[in-house]
Amino acid sequence: MHSDKPTNIILPVPANIKRPRWSVMLPTYNPDRHLFEALESVISQYPDSGNMQIEVVDDCSPDVDVEKLVKEFGNSRISFYRNPENLGHSFNFTECIRRAKGELIHLLHEDDLVKPGFYKKFEEIFDKYKTIGAAYCRQEYIDEDGGTMFFSDTDLPET
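This text gives an overview of the structure that appears in the document. Here the structure is a predicted model, which means the values were calculated and not measured.

**Digging into the nonpolar core**
Item 1. Among the nonpolar cores identified, the biggest contains 24 residues, and Leu-26 and Tyr-119 are the most heavily contacted of them.
Item 2. Of all elements in the fold, only β1 (22-28), α1 (34-43), β2 (52-58), α2 (66-73) and α4 (118-128) reach the threshold of two or more residues within this core.
Item 3. Among the elements that line this core, the one with the most residues is α1, at five residues.

And the structure:
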């Protein structure tokens, strides 16, 4: 590891910053068309732009102009950041968290989707259980055409 790589230190969001409820951070590296689908799945269910930070954080992709892709998506709510050098998978996730300003952070992979009601359900959980620090849900594995292949197992019955 280079000594000039970022550290794992993540500072708190400064008190004078207006914080949205959500920060949806999409770490990318040479993304394909699935990035558009991921972004659409977020925007379609959270129309209030003041309550959600959406940012694509690119890990210095050499083969794809990710900033151009984000601009082509055509939604001014989505911000873009490109790391000055390739940090690697883990440090790019750290950079996403470092850049997040929201009360709740969702790291959404560039080729994943969220189903309608996802953010509302998680807000309900975080509002009900105020001391939890994280939450997760089961996954639906889909094929290239969006067809369901299978679901991950549940850990607990639905609450």
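**Notes on the pairing of β1**
Item 1. A large share of β1 lies buried, amounting to seven of its seven residues.
Item 2. Here β1 shows two buried faces, one formed by Trp-22, Val-24, Leu-26 and Thr-28 and the other by Ser-23, Met-25 and Pro-27.
Item 3. As paired elements, β1 and β2 share seven bridges and run parallel to each other. Counted as the bridge partner of Ser-23 is Gln-53 from β2.

**Quick word on the side chain of Gln-45**
Item 1. Relative to the helices and strands, Gln-45 is located in the loop between α1 and β2.
Item 2. What makes Gln-45 buried here is its relative accessible area of 18%.
Item 3. Only 3.1 Å separates the side chain of Gln-45 from the backbone oxygen of Ser-41, close enough to count as a polar contact.
Item 4. At 3.1 Å, the side chain of Gln-45 and the backbone nitrogen of Phe-118 are in polar contact.

**Digging into the environment of Glu-110**
Item 1. Its place among the elements puts Glu-110 in the loop between β4 (104-107) and α4.
Item 2. In this structure, the C-alpha to C-alpha distance between Glu-110 and Asn-92, residues 18 residues apart in sequence, is 13 Å.
Item 3. Setting aside residues up to four positions removed in sequence, Glu-110 forms contacts with Pro-27, Thr-28, Tyr-29, Asn-30, Pro-31, Asp-32, His-34, Leu-35 and Ala-38.
Item 4. In this structure the side chain of Glu-110 is engaged in a polar contact, spanning 3.0 Å, whose partner is the backbone nitrogen of Tyr-29.

**Overview of unusual backbone geometry**
Item 1. Within the chain, Asn-30 stands out as a residue other than glycine whose phi angle is a positive 50°.
Item 2. On the basis of relative accessible area, Asn-30 is assigned to the partly exposed category, the value being 23%.
Item 3. Of note, the phi angle at Cys-60 is positive, near 60°, even though the residue is not glycine.
Item 4. Mapped onto the elements, Cys-60 comes out in the loop between β2 and α2.

**Here we look at the sheet that holds β1**
Item 1. Here four strands make up an open sheet; going across it, the order is β3-β2-β1-β4 and the pairing parallel. The outermost strands of the open sheet, each flanked by one partner alone, are β3 (78-82) and β4. On average, each strand axis in the sheet is tilted by 20° relative to the strand beside it, whichever way the strands run.
Item 2. As judged from the five bridges shared by β2 and β3, these two strands associate in the parallel manner. Paired with Val-57 across the bridge in β3 is Tyr-81.

Rules used in this analysis
- Residues numbered from 1 in each chain as written.
- Predicted model: local features only at pLDDT ≥ 70, side-chain atom pairs only at ≥ 80, totals over all residues.
- Heavy atoms only, no water.
- Core = buried A, V, L, I, M, F, W, Y, C linked by side-chain atoms within 4.5 Å.
- Buried < 20%, exposed > 50% of the residue type's maximum accessible area, 1.4 Å probe, protein only.
- Helix = DSSP H or I, 4+ residues; strand = E, 2+ residues; numbered from the N terminus.
- Pairing = 2+ DSSP bridges.
- Polar contact = N/O pair within 3.5 Å; in protein donor to acceptor, adjacent residues only side chain to side chain.
- Contact = heavy atoms within 4.5 Å.
- Axes fitted to C-alpha atoms, helices over the stretch in contact; angles between N-to-C directions.

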